[in-house]
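A closer look at the structure
For reference, the chains in residue letters:
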Amino acid sequence: MPYATPIQEMQFALGHVAGFDELQGSDAYEDLSDDLVSAIVEEAGKLCDNVLAPLNWQSDRNGAKLENGVVTTTPGFKEAYQECVDGGWMSLALPKKIGGQGLPTSLYALFLESVCAGCVSFSFCPISNFGAIKAIDSVATDEQRRLYMPKLVSGEWMTTMNLTEPQSGSDLSELRTKAEPVGDGRYKISGQKIYITYGDHDLTENIIHLVLARLPDAPEGTAGISMFLVSKHHVNDDGSLGARNDATCVSLEEKLGIHGSPTCVMAYGENGECYGTLLGEENKGLRNMFVMMNSARVDVGLQGVGVAERSFQHALEYAQERRQGRAPGVRTGPMATIYEHNDVRRMLYTMKALIEASRAICYTCAVAGDIAKTSPSADRRLEAARLEGLLTPIAKAWSTDRASEVTSFGVQVHGGMGFIEETGAAQYMRDARIFSIYEGTNGIQAIDLVTRKLLGDKGEAMSKFIAEARALGLTAEQSGHDAVKAAASRLKSAIDALSESTAWLLRTGKESPDDVLAGATPYLKQFGNVAGGFYLIKGALTAVDMLSDQDADHGFLETRILIADFYAQNFLSEAEYMTAAVTAGATRLKPVAPEKFSQ
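In this report, we go over the structure that sits alongside the text. (Residues numbered from 1 in each chain as written. Predicted model: local features only at pLDDT ≥ 70, side-chain atom pairs only at ≥ 80, totals over all residues. Heavy atoms only, no water.)

**Some thoughts on the overall build of the protein chain**
Using the following cut-off: Labels follow the DSSP assignment, with helices taken as runs of H or I lasting at least four residues and strands as runs of E lasting at least two, numbered in each case from the N terminus. Buried residues are those whose accessible area, probed at 1.4 Å on protein chains only, stays under 20% of the maximum for their type, while exposed residues exceed 50% and partly exposed ones sit between those limits. Residue contacts are defined here by distance: any two heavy atoms, one from each residue, within 4.5 Å place the two residues in contact. Surface accessibility follows the Shrake-Rupley procedure with a 1.4 Å probe radius. Residue values consider only the protein chains on display as shielding. His is not counted, nor are the chain ends; Lys and Arg add positive charge and Asp and Glu add negative charge. Charge positions come from single atoms, namely NZ of Lys, CZ of Arg, CG of Asp or CD of Glu.
In terms of regular secondary structure, the protein chain is built from 20 helices and 12 strands. C-alpha atoms of the protein chain, sized along the principal axes, occupy 80 × 65 × 60 Å. A total of 599 residues make up the protein chain; the buried ones form 56% of that total. At a minimum sequence separation of 6, the contacts of the protein chain that also span at least 24 residues come to 74%. As displayed, the protein chain offers around 25000 Å² of accessible surface, 51% of which is attributable to carbon and sulfur atoms. With 55 positive and 77 negative side-chain charges, the protein chain shows a separation of 5 Å between the mean positions of the two kinds.

The following block contains the structure:
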């Protein structure tokens, strides 16, 4: 089915929920007019609807292949990538000082959501480059900048991130890849990396690998990890490409989904001739990696939003075509479309509400990141940075968990046909399943939320969020709109529950870290539910105000209010009862002899 980028919804979320107007009024982005934003979003929509979306099904049926040592991507990917490069999309939000366009990261977020909905296997192309370029820019030498940055920024070359090894997954302390200095500023790299997205491909003439490895005298554990820049082809002093480096893809993983994205097993130095250069300081590789990871985590959340939106549109169209049964009390005549049945509409409402909440969380996180970098006020920068930090694990984990739910509902709406591959509904569910696993599993995101973010600042950022949510709830309670008032009542109860959970975690953190960790995942879900409701009600209040304008799109605005009301009844009410799970403690998760689970 054709895909249509939801431009109006995306612009509403950015402008009326995420706080983008603060950026538009700042000196950092003097030319950031509404017309410019609209033009960018509309052009991104055209690229994704007309170029990328038609490749999505093909990428699942005819994914990346490794033959005779050469990786080829899905037919059409190479041409689509060139369109992205020619259109300047790869440099959209990169700083002007390195050749980018200098636009806000939050505009890149809209573009990325569109790409992910169009063809999620293709979306790794901008994702890989964006985070890696930021990492390189933060620590590169002048020589590294001269040789690599121009073609990376333009998109002529692509990058990869090489962390995982067969024996070392999320815990990088067991990493074994070696880097030995050869005396001329270069290092010999040897080792194997797995799960390397776009580790090899035919989209660009060169690939720059960022590889975590250990120097000979490195300390044990994560304190002894350095980062190295390893080029697929050696780069000559004039920027031209030389001979092939000893870095090869030895196999492609057979995956549940995202078949169009080549997930490579990479071998470095099989012939003893792989060379790279140190990126940043010795033994500080994890610091560089987290520059990429923090960027990638919000990007993965946007992958969830994009695929969920695609799944929703697919299900909505099917529900209007498929006829089954009749309306209550009707015994004769033509069968009704399944859209007429309450349970099907409930699923569609659920899908849309979770998508809009996830979109609002991701966009708000992106805007907060932009403000944290550009506000002239030091206090405002700090406040925005704390909000960005607080929302990052929610954007990544909550949005991707919900994407799995949404795409599962997409299959369910199709009934038995959803289980048949030819309808395409199952592809979205298979593609979405990886989002909660990579770039730090969602369990790791929950641990990050309660330890580094909540306990790390003694609850200051969360207290600020709760205060703002309460204030908005009071405003909504005074609204003249019944649905908004009802939603506000649910928000108040959900905030009370979140406050209780937060206070317990802060009290318990010093005495029993194990109990805190046991409550981390339910706390992330509870906070995500409340954040989603807060932002949707914020949008609903704006929609109520805009309804007084006779020229406004009343149908669109009334739908935003309906979605916020539905979300409040279903997901804010869910948050009210999650404190018991947060505060249950580690004794409820005590180890049980494995054989007892099966008796």
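The structure having been displayed, the exposition proceeds.
**With respect to the pairing of strand β3 (residues 158-162)**
What counts is decided by this rule: Pairing between strands is defined by DSSP: at least two bridges between them are needed.
Burial within β3 is extensive, with four of its five residues counted as buried. Here β3 runs beside strand β6 (residues 207-213); their pairing, made up of five bridges, is parallel. Bridge pairing in β6 places M158 opposite I207.

**Some thoughts on the pattern of salt bridges**
Opposite charge on two side chains permits pairing when their charged atoms draw close. Keep this limit in mind: Counted as salt bridges are all cases of a side-chain nitrogen of Lys or Arg within 4 Å of a carboxyl oxygen of Asp or Glu.
Applying the stated criterion across every chain yields a total of 31 salt bridges. The closest approach of N and O atoms between R490 and E576, which form a salt bridge, is 3.2 Å. Note that R490 is positioned in helix α15 (residues 482-511) and E576 in helix α18 (residues 554-576), a separation of 86 residues in sequence. On the accessibility criterion, E576 (18% relative accessible area) is buried. A salt bridge links D496 to K492; the shortest N-O distance between them is 3.6 Å. In this pair, D496 and K492 both sit in helix α15, four residues apart, roughly one turn of the helix. Residues participating in the shared-partner salt-bridge network are E9, E113, E309, K352, E356, R359 and R560.

**Points about the nonpolar core**
Rule in force here: To qualify as a nonpolar core, a set must consist of buried Ala, Val, Leu, Ile, Met, Phe, Trp, Tyr and Cys residues joined through side-chain atoms within 4.5 Å.
Formed by 167 residues in total, the largest nonpolar core has its most connected members in F122, F465 and F527. Tallying contributions element by element places helix α10 (residues 342-374) first for this core, with 17 residues. Once you skip the residues sitting within four places of it in the chain, F527 turns out to touch L390, L391, I394, L449, M462, F465 and L498. Among the nonpolar cores identified, the runner-up in size contains 19 residues, and I189, C249, L252 and C264 belong to it.

**Focus on empty space enclosed by the protein**
Going by this rule: In this analysis, the protein atoms alone were mapped onto a 1 Å grid. Cavities are point sets where a 1.4 Å probe fits without being able to get out; pockets are open sets with protein on both sides within 12 Å along at least five of seven lines; lining residues have an atom within 4 Å of a point. Grid points are joined across faces, edges and corners, and a volume is the space filled by probe spheres set on the points.
Enumeration according to the criterion identifies four cavities of 30 Å³ or more in this entry. Approximately 120 Å³ is the volume attributed to the largest cavity. Together, E9, F12, A13, V17, E356, R359, A360, Y535, L536, G539, A540 and R560 line the largest cavity. Elements that contribute at least two residues to the lining of the largest cavity include exactly α1 (7-16), α10 and α17 (520-546). The leading source of residues in the lining of the largest cavity is α17, at four residues.

**Brief notes about the layout of surface pockets**
Heads up, the rule is: Residues are grouped as follows: Ala, Val, Leu, Ile, Met, Phe, Trp, Tyr, Cys and Pro are nonpolar; Asp, Glu, Lys and Arg are charged; all remaining types, including Gly, are polar.
Estimated volume of the second largest pocket: approximately 1000 Å³. Elements that contribute at least two residues to the lining of the second largest pocket include exactly α6 (105-118), α7 (120-139), α9 (285-321), α10, α11 (378-413) and α13 (442-455). Taken together, the residues that form the lining of the second largest pocket break down as 20 nonpolar, 10 polar and 12 charged.

**Details of α10**
Just so we agree on the cut-off: Multiplying 1.5 Å by the residue count of a helix minus one yields the expected span of that helix.
Taking 1.5 Å of rise per residue, 33 residues should cover 48 Å, and α10 covers 48 Å from first to last C-alpha, within 8% of that figure. With 26 of its 33 residues buried, α10 lies for the most part within the structure.

**Observations regarding the packing of aromatic side chains**
Rules: Pairing of aromatic rings covers Phe, Tyr and the six-membered ring of Trp, with a centre-to-centre limit of 6.5 Å; geometry is then stacked below 30 degrees between planes, edge-to-face above 60, and tilted otherwise. For a Lys NZ or an Arg CZ to count as sitting over a ring, it must be within 6 Å of the ring centre and within 35 degrees of the ring normal.
Inspection of the entire model under this criterion finds 15 aromatic pairs. A ring pair is formed by Y108 and F130, whose centres lie 4.1 Å apart and whose planes are at 20°; its orientation type is stacked. Taken together, the residues span a long stretch of sequence, with Y108 in helix α6 and F130 in helix α7 at a distance of 22 residues. Note on Y108: relative accessible area 3%, which makes it buried. When the centroid spacing of 6.3 Å and the interplanar angle of 45° are considered together, the rings of F435 and Y438 count as tilted. Both residues of the pair, F435 and Y438, count as buried. Members of the aromatic cluster, each reached through a chain of ring pairs, are F465, F527, F534 and Y535. Over the ring of W57 we find R61, and its NZ or CZ is 4.6 Å from the ring centre.

**Thoughts on the pairing of strand β9 (residues 241-244)**
Across a regular strand the side chains alternate sides, sitting on one face of the sheet and then on the other. Taken together, the two bridges between strand β8 (residues 233-235) and β9 define a ladder with antiparallel strand orientation. When the bridges of β9 are listed, V235 appears paired with L241. The antiparallel pairing of β8 with β9 creates a hairpin that spans five residues between the two strands, and G239 there sits at a positive phi of about 90°.

**Things to note about a nonpolar patch on the surface**
Defined as follows: Candidates for patches are residues over 30% relative accessible area with no salt bridge; among them, like charges are joined within 9 Å and nonpolar side chains (Val, Leu, Ile, Met, Phe, Trp, Tyr) within 5 Å.
A grouping of M417, F419 and I420 is seen on the molecular surface, where their side chains present a nonpolar patch of about 330 Å² in accessible area. Here F419 shows up in the loop between α11 and α12 (425-432).

**Structural notes on the environment of I194**
Structurally, I194 can be placed in strand β5 (residues 187-197). What makes I194 buried here is its relative accessible area of 11%. Expressed as a C-alpha distance, the spacing of I194 and V265, which sit 71 residues apart in the sequence, is 4.4 Å. With sequence-adjacent residues up to four places away left out, I194 is seen in contact with T164, E165, P166, C264 and V265.

By themselves these figures say nothing about function.
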